[in-house]
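Single-letter residue listing:
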Amino acid sequence: MKRILCAAAAAVLSTAAFLPIQASADTVIIRTAPPAPRHEVVPALRHGYVWAPGYWNYNGHRYVWVRGHMERERHGYAYRQPEWRQGDHGWELDRGGWRR
């Protein structure tokens, strides 16, 4: 019986390393590093638009690539691309977006 309990506890603890930690609605913290960014061909920029490069998002189970796209320029704002940073608790996704 002890062996079964120990095996079950070990299984639960080993899977916990891959579960995301939800810090807030806009923040995702994952214990495993995201894959390397993919190479994307950036199309010719159109007047009034900026390029939002692709990035790895986390869907709760795995990393998923979000393709780059054009965003209509917003006067008085600057676009910050999503970025993964390594912190004390794991890898944190700053979702970026338009900032004043």
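Above this text sits the structure in question.
Keep in mind it's a predicted model, so treat the numbers as computed, not measured. (Residues numbered from 1 in each chain as written. Predicted model: local features only at pLDDT ≥ 70, side-chain atom pairs only at ≥ 80, totals over all residues. Heavy atoms only, no water.)

How would you explain the overall build of the protein chain if you had to name every residue and give the values?
If you tally the helices and strands in the protein chain, you get one helix and 10 strands. N-terminal to C-terminal, the α/β element order of the protein chain is α-β-β-β-β-β-β-β-β-β-β. Taken over 100 residues, the protein chain has a buried fraction of 23%. Sequence separation of at least 24 residues holds for 45% of the intrachain contacts in the protein chain that already meet a minimum separation of 6. Carbon together with sulfur atoms contributes 57% to the accessible area of the protein chain, which is approximately 7,700 Å² in total. (Helix = DSSP H or I, 4+ residues; strand = E, 2+ residues; numbered from the N terminus. Buried < 20%, exposed > 50% of the residue type's maximum accessible area, 1.4 Å probe, protein only. Contact = heavy atoms within 4.5 Å. Areas by Shrake-Rupley, 256 points an atom, 1.4 Å probe, with all protein chains shown as cover.)

Tell me about the pairing of strand 4 (residues 55-58), and name the residues and values.
Both faces of strand 4 are covered, namely the face carrying Tyr55 and Asn57 and the face carrying Trp56 and Tyr58. Where strand 4 meets strand 5 (residues 63-66), four bridges bridge the pair, whose relative direction is antiparallel. Following the sheet pairing, Tyr58 is matched in strand 5 by Tyr63. Counting the residues in the hairpin turn of strand 4 and strand 5 gives four residues, including Gly60, whose phi is positive at 100 degrees. (Pairing = 2+ DSSP bridges.)

Before we move on, can you summarise the pattern of salt bridges with the specific residues and values?
Within this structure, the stated rule accounts for four salt bridges. A salt bridge links Glu83 to Arg85; the shortest N-O distance between them is 3.4 Å. Across the pair Arg85 and Asp94 runs a salt bridge, and its minimum N-O distance is 2.8 Å. The class of Arg85 is partly exposed, set by a relative accessible area of 38%. Bridged by salt links that share partners, the residues Arg80, Glu83, Arg85, Asp94 and Arg99 form one connected network. (Salt bridge = Lys/Arg side-chain N within 4 Å of Asp/Glu carboxyl O.)

Outline the environment of Met70, supporting the account with residue identities and numerical values.
With respect to the helices, strands and loops of the structure, Met70 is situated in strand 6 (residues 69-72). Residues Met70 and Ala52, 18 residues apart in the sequence, show an inter-C-alpha distance of 5.9 Å. Apart from the residues lying within four places of it in its own chain, the contact partners of Met70 are Pro43, Ala44, Leu45, Arg46, Tyr49, Val50 and Trp51.

Give me the nonpolar core: which residues, what numbers.
Within the largest apolar cluster, 10 residues are counted, these being Val28, Ile30, Tyr55, Trp56, Tyr58, Tyr63, Trp65, Trp84, Trp91 and Leu93. When residues in this core are grouped by element, the largest group, three residues, is from strand 4. Once residues within four sequence positions are removed from consideration, Trp84 is found in contact with Val28, Ile30, Pro34, Trp56, Tyr58, Tyr63, Trp91, Glu92 and Leu93. (Core = buried A, V, L, I, M, F, W, Y, C linked by side-chain atoms within 4.5 Å.)

Describe the side chain of Asn57, with residues and values.
Along the polypeptide, Asn57 turns up in strand 4. At 3.1 Å, the side chain of Asn57 forms a polar contact with the side chain of Arg95. In this view, Asn57 contacts Arg62, Tyr63, Val64, Val66, Leu93 and Arg95; residues no more than four positions away in its chain are not counted. (Polar contact = N/O pair within 3.5 Å; in protein donor to acceptor, adjacent residues only side chain to side chain.)

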